[in-house]
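Chain and residue survey
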Amino acid sequence: MSFNTADLCDELGAGARVVEPLFRDFGGERNFHGAIATVRVFEDNVLVREL
């Protein structure tokens, strides 16, 4: 069974509790870079799924 955090938050609303990400290791690299994309959505994560 698999699920996405965004889908759970949509389903559970205010009842969802999500832990803040605590990134410590990025594949053993001290630095990393790459393209990013920011998607602003309201009440619908279809654009997130498409990306």
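Look up a bit, the structure's there.
Residues numbered from 1 in each chain as written. Predicted model: local features only at pLDDT ≥ 70, side-chain atom pairs only at ≥ 80, totals over all residues. Heavy atoms only, no water.

Turning our eyes to something else, we now look at the overall build of the protein. A count of helices and strands for the protein gives two helices and zero strands. In the protein, which comprises 51 residues, the share counted as buried stands at 2%. Total accessible area on the protein stands at roughly 5,600 Å², and carbon and sulfur atoms take up 54% of it. Between the centroid of the 5 positive side chains of the protein and the centroid of its 9 negative side chains there is a distance of 10 Å. (Helix = DSSP H or I, 4+ residues; strand = E, 2+ residues; numbered from the N terminus. Buried < 20%, exposed > 50% of the residue type's maximum accessible area, 1.4 Å probe, protein only. Areas by Shrake-Rupley, 256 points an atom, 1.4 Å probe, with all protein chains shown as cover. Lys, Arg positive; Asp, Glu negative; His and termini not counted. Charge placed at Lys NZ, Arg CZ, Asp CG, Glu CD.)

You can see Ile36 is positioned in the loop between helix H1 (5-12) and helix H2 (46-50). Here the alpha-carbon distance between Ile36 and Asp10, two residues 26 residues apart in the chain, equals 24 Å.

Now for a nonpolar patch on the surface. Residues Phe3, Leu8 and Leu12 make up a contiguous nonpolar surface patch of about 310 Å² in total accessible area. Structurally, Phe3 is set in the segment before H1. Relative accessible area serves as the criterion here: at 56%, Phe3 is assigned to the exposed category. (Patch = residues over 30% accessible without salt bridge, like charges linked within 9 Å, V, L, I, M, F, W, Y side chains within 5 Å. Salt bridge = Lys/Arg side-chain N within 4 Å of Asp/Glu carboxyl O.)

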